[in-house]
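For reference, the chains in residue letters:
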Amino acid sequence: MAPKGVAVLGSTGSIGTTALRVLDRQRNRFEVRALTANSNGALLREQVRQFAPAFVGMVEPNSNGDDAWRTGTDALVGAATRDDVDIVLNAIVGAAGLDATLAALEQGKRVALANKETLVIAGDLVQQACSSGSGEVIPVDSEHSAILQCITGHPASQVRRVVLTASGGPFRDWTPERLAKATVEDALRHPTWRMGRKVTIDSATLANKALEVIEAHFLFGLPYDRIEVVVHPQSVVHSFVEFIDGSVVAQMSVPTMELPILYSLTHPDRVEYDGVPPFDPVKLSPMTYEPVNHERFPALRLGIAAGKKGGAAPAVFNAANECAVAAFLAGKITFADIPRAISSALDKLADLPSGDREQLLAADAAARRHVQQMLKC
Ligand code: NAD
Ligand code: MG
């Protein structure tokens, strides 16, 4: 069979580079036809040398770029809508990934989605785009890949509930007093995953799990009262699915993004892959579970409430979080300011209109302005 064409958006990031490692081992099945990055021209140039894609885009041109590369945000949609691309692996971080997802779906492509923010901002629009054409979203996020792997072959009516696992992040067992003084360096020290800076901070606040609950709601059409979260510090079980007969199926592996990335490309099939070490349940023991501490990590509850409210609320939650996380990473605000900013933005802006992309992006912009004014950052 002819290889499938893949566009990797955000190819220089944590997911992007892992995806290229997976694709490099699957050259008979997949061909990298487009690559995009934000500004890391040096790494992008190296990737272009390795994969020779037909299309290269760099949003912010700089001296490490190449005259033949497309620049500006149009390059993302350009890569996502090419005729020679079958699968768009969206590994962009943040709201910047939205338009490429929507454009790829409109063209009937598979979107292998790491960019969970897309579904949080515009879950309804994504669902509409999928149901009105032949486009589909296959999750890259490990928890959602796990759920998909567990439910494939079963109708949605047979699923009673899903339980997403959360590592608990670096502050799982910190006291409130210690947490109040947490530094950027502390927050970036994730116990089980090596990821980009934004999602690492989201994992420390548990905002990431809120984004994932909303993501699960839209991906699997589940009401919020059938999506639960449990802390599992070892990150070996990636999620549980309980079926209507009471049986529970879980998906496990060592913590690696290679497997969910590969599955997003091959679903519903599986292909041979020797990129990860063999599964050793004894070495991975013990596997433990504990409840979420909502008092210490208020961002999770705020995000789930925003998801339940719907409309513009999830977009406001996401934008306030993105803005606050950027300020925290820049050393301008404290760790506790992040949920404070989210809560304040939701109080003020959750009822903004949300009927289309423009209104959702206006809510996103209003939330960012609100957080900047509130935190003076
Ligand atoms: P990262 O910061 O390492 O990489 C982000 C990529 O997006 C880079 O290639 C960067 O060039 C590009 N980018 C950043 N801003 C951009 C912009 N404005 N326009 C266009 N491109 C831009 O992030 P990551 O950890 O790879 O995460 C990417 C996405 O995957 C996030 O949504 C994250 O939540 C999700 N995710 C990541 C992991 C992980 O293990 N890293 C796991 C699950 C989900
Ligand atoms: Mg995840």
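Residues numbered from 1 in each chain as written. Chains lettered and ligands numbered in written order. Predicted model: local features only at pLDDT ≥ 70, side-chain atom pairs only at ≥ 80, totals over all residues. Heavy atoms only, no water.

**Notes on the coordination of the magnesium ion (ligand 2)**
- Summarising the metal site, the magnesium ion (ligand 2) is bound by the protein donors Asp 141 (OD), Glu 143 (OE) and Glu 212 (OE), whose distances to it range over 2.1 to 2.3 Å.
- Every donor residue of the magnesium ion (ligand 2) comes from the same chain, spaced as D-x1-E-x68-E. In this pair, Asp 141 sits in the loop between β7 (136–139) and α6 (142–151) while Glu 212 sits in helix α10 (residues 207–220), placing the two residues 71 residues apart along the sequence. For the residue pair Asp 141 and Glu 212, the accessibility class agrees, reading buried in each case. (Donors = N, O, S within 2.8 Å, 3.2 Å for Na, K, Ca; no water. Helix = DSSP H or I, 4+ residues; strand = E, 2+ residues; numbered from the N terminus. Buried < 20%, exposed > 50% of the residue type's maximum accessible area, 1.4 Å probe, protein only.)

**Examining the sheet that holds strand β4 (residues 70–71)**
- Read across the sheet, seven strands follow the order β4-β3-β2-β1-β5-β6-β7 without closing on themselves; strand pairing throughout is parallel. Sheet topology places β4 and β7 at the edges, where each strand pairs with a single neighbour.
- As defined by bridge partners, strand β6 (residues 110–113) adjoins β7 across four bridges and the pair is classed as parallel. Bridge pairing links Ala 112 to Ile 138 in β7. (Pairing = 2+ DSSP bridges.)

**Brief notes about the environment of Ile 92**
- Summarising the element assignment, Ile 92 is placed in the loop between β5 (87–90) and α4 (98–106).
- On a C-alpha basis, the gap between Ile 92 and Ser 343 in space is 25 Å, while along the polypeptide they are 251 residues apart.
- In this structure, Ile 92 is in contact with Leu 9, Gly 10, Leu 76, Gly 97, Asn 115 and Glu 117, ignoring residues within four places of it in sequence. (Contact = heavy atoms within 4.5 Å.)

**Description of the side chain of His 144**
- Counting through the fold element by element, His 144 comes out in helix α6.
- Contact partners of His 144, with chain neighbours within four places excluded, come to Pro 139, Leu 164, Glu 212, Glu 215, Ala 216, Leu 219 and Phe 220.

**Description of the pattern of salt bridges**
- What the rule picks out here adds up to 27 salt bridges.
- With a shortest N-O distance of 2.6 Å, Arg 340 and Asp 337 are connected by a salt bridge. Taken as a pair, Arg 340 and Asp 337 lie in helix α14 (residues 337–349) at a separation of three residues, close to a single helical turn.
- Owing to a relative accessible area of 12%, Asp 337 belongs among the buried residues under this scheme.
- Bridged by salt links that share partners, the residues Lys 116, Asp 141, Glu 143, Lys 209 and Glu 212 form one connected network. (Salt bridge = Lys/Arg side-chain N within 4 Å of Asp/Glu carboxyl O.)

From the geometry alone we can't say anything about function, so treat these as descriptive.
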